[in-house]
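Examining the three-dimensional arrangement
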Amino acid sequence: MERFTISLDEDLARAFDALILARGYSNRSEAVRDILRTHVEASRLAREDAPHCIANLSYVYDHHERELAERVTHAQHEHHDLCVATLHAHLDHDNCMESVILRGATGAVRAFAEALMAKPGVRHGALNLVTADCRSTPHVHAHDGRPGAEGASSVSHVHYRPRS
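Quantities reported herein were computed from a predicted structural model and do not represent experimental measurements. (Residues numbered from 1 in each chain as written. Predicted model: local features only at pLDDT ≥ 70, side-chain atom pairs only at ≥ 80, totals over all residues. Heavy atoms only, no water.)

A closer look at the overall build of the chain
- Each helix and strand in the chain was counted, giving four helices and five strands.
- Overall, the chain shows an N-to-C arrangement of helices and strands of α-α-β-α-β-β-α-β-β.
- With 164 residues in all, the chain has 25% of them scored as buried.
- When contacts within the chain are restricted to residue pairs at least 6 apart in sequence, long-range pairs at least 24 apart make up 64% of them. (Helix = DSSP H or I, 4+ residues; strand = E, 2+ residues; numbered from the N terminus. Buried < 20%, exposed > 50% of the residue type's maximum accessible area, 1.4 Å probe, protein only. Contact = heavy atoms within 4.5 Å.)

Right, here's the structure in full:
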C-alpha cells in the first residue's frame, strides 16, 4: 500500500471528520479511498475510458400503462446478453419499481438503459455504472465450489471485475 500525506485547513478537517462519523468510516484513510474511487470512476466514464461495466438500472413505472410491463420484459429479453437479473417490487396499486443488474459494453448498457427509461410510463429512472475489466478465459468450476471436485468442468465465460 502506498502512503501519502495531505494538509487540510481546520474548517475542512472538521467537516471531513463529521462526514467520516456520519457515514460510519473507521478512519480517514477509508474515507479518502472511497472519495478517490468515486472521482476516478467519474473521470473514466466522462472520458469514455470504460469499455466494459457492471451497472444497476432502477426505475419506477405505472403498471396500468398500456402493455408497458410486456414491452419492458421484451426489451430485457432482446438484450439478454446485458441483463443479468431483475428485481420487481409492487409499491402501491399503481406503481412498481424494478432494479435490473446489467453487464457488458458500457455504450450498449447506457443505450439500453436510456431506451428503457424513455418508454412512456417509466419514470424516476437512474443508472449507476461501475467500470469493469472484462476477461474471457477457460477455467475449471466445480459444482460444489471447490476446484478439482467431482463434477468440475472447464468452460469459457466472461468475468467482469470492478476496476480500482
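Now that the structure has been shown, the text picks up again.
Here we look at the environment of Val-158
- Looking at where Val-158 falls in the secondary structure, it is placed in strand β5 (residues 153-162).
- Residue classification places Val-158 among the partly exposed residues on the basis of a relative accessible area of 35%.
- Sequence separation between Val-158 and Gly-104 is 54 residues; the distance between their C-alpha atoms is 9.7 Å.

A few points about the nonpolar core
- Core analysis: the largest hydrophobic core is formed by 19 residues, its most contacted members being Leu-57, Tyr-59, Leu-102, Val-109 and Phe-112.
- Contributing elements (two or more residues each) for this core: β1 (52-62), α3 (68-78), β3 (95-105), α4 (106-117) and β4 (122-141).
- Broken down by element, the residue count for this core peaks at five residues, all from β1.
- If we skip the residues at most four places from it in the chain, Val-109 touches Cys-53, Ala-55, Leu-82, Leu-102, Arg-103, Gly-104 and Leu-129. (Core = buried A, V, L, I, M, F, W, Y, C linked by side-chain atoms within 4.5 Å.)

Some words on a nonpolar patch on the surface
- Taken together, the side chains of Phe-4, Ile-6, Leu-8, Leu-12 and Leu-36 define a hydrophobic patch exposed on the protein surface, amounting to about 500 Å² of accessible area.
- Of note, Leu-12 is situated in helix α1 (residues 10-23).
- Here Leu-12 falls in the partly exposed class, since its relative accessible area comes to 47%. (Patch = residues over 30% accessible without salt bridge, like charges linked within 9 Å, V, L, I, M, F, W, Y side chains within 5 Å. Areas by Shrake-Rupley, 256 points an atom, 1.4 Å probe, with all protein chains shown as cover. Salt bridge = Lys/Arg side-chain N within 4 Å of Asp/Glu carboxyl O.)

Focus: α3
- Within the sequence span of α3, burial applies to Leu-68, Val-72, Ala-75 and Gln-76. Angularly, the buried residues of α3 cover 100° about the axis, an arc narrow enough to put them on a single face. Of the residues in α3, the exposed ones pointing more than 90 degrees away from the buried face are Glu-70, His-77 and Glu-78. (Arc of directions from axis to C-beta.)

Remarks on the pattern of salt bridges
- One pass over the full model with this rule turns up five salt bridges.
- Where Arg-14 meets Glu-10, a salt bridge forms, and the shortest distance between an N and an O atom there is 3.7 Å. Taken as a pair, Arg-14 and Glu-10 lie in helix α1 at a separation of four residues, close to a single helical turn.
- Assessed through its relative accessible area of 61%, Glu-10 is described here as exposed.
- Residue Asp-34 pairs with Arg-37 through a salt bridge whose shortest N-O separation is 2.7 Å. On the criterion of helical spacing, the pair formed by Asp-34 and Arg-37 is a turn pair, its members being three residues apart in helix α2 (residues 28-46).
- The class for Arg-37 is partly exposed, based on a relative accessible area of 33%.

What to know about the packing of aromatic side chains
- The full count for this structure, using the stated rule, is one aromatic pair.
- Here Tyr-59 and Tyr-61 contribute two aromatic rings whose centre-to-centre distance is 6.1 Å and whose plane-to-plane angle is 35°, an arrangement assigned as tilted.
- Here Tyr-59 falls in the buried class, since its relative accessible area comes to 0%. (Phe/Tyr/Trp six-rings, centres within 6.5 Å; stacked < 30°, edge-to-face > 60°.)

Details of the pairing of β3
- Two elements, β1 and β3, share 11 bridges in a ladder whose sense is antiparallel. Within β3, the residue paired with Val-60 across the bridge is Met-97.
- Examined bridge by bridge, strand β2 (residues 83-90) and β3 share seven bridges and lie antiparallel to one another. In the strand pairing of β3, His-88 is matched with Glu-98.
- The turn joining β2 and β3, which pair antiparallel and follow one another in sequence, is formed by four residues. (Pairing = 2+ DSSP bridges.)

These figures come from the coordinates and say nothing about function on their own.
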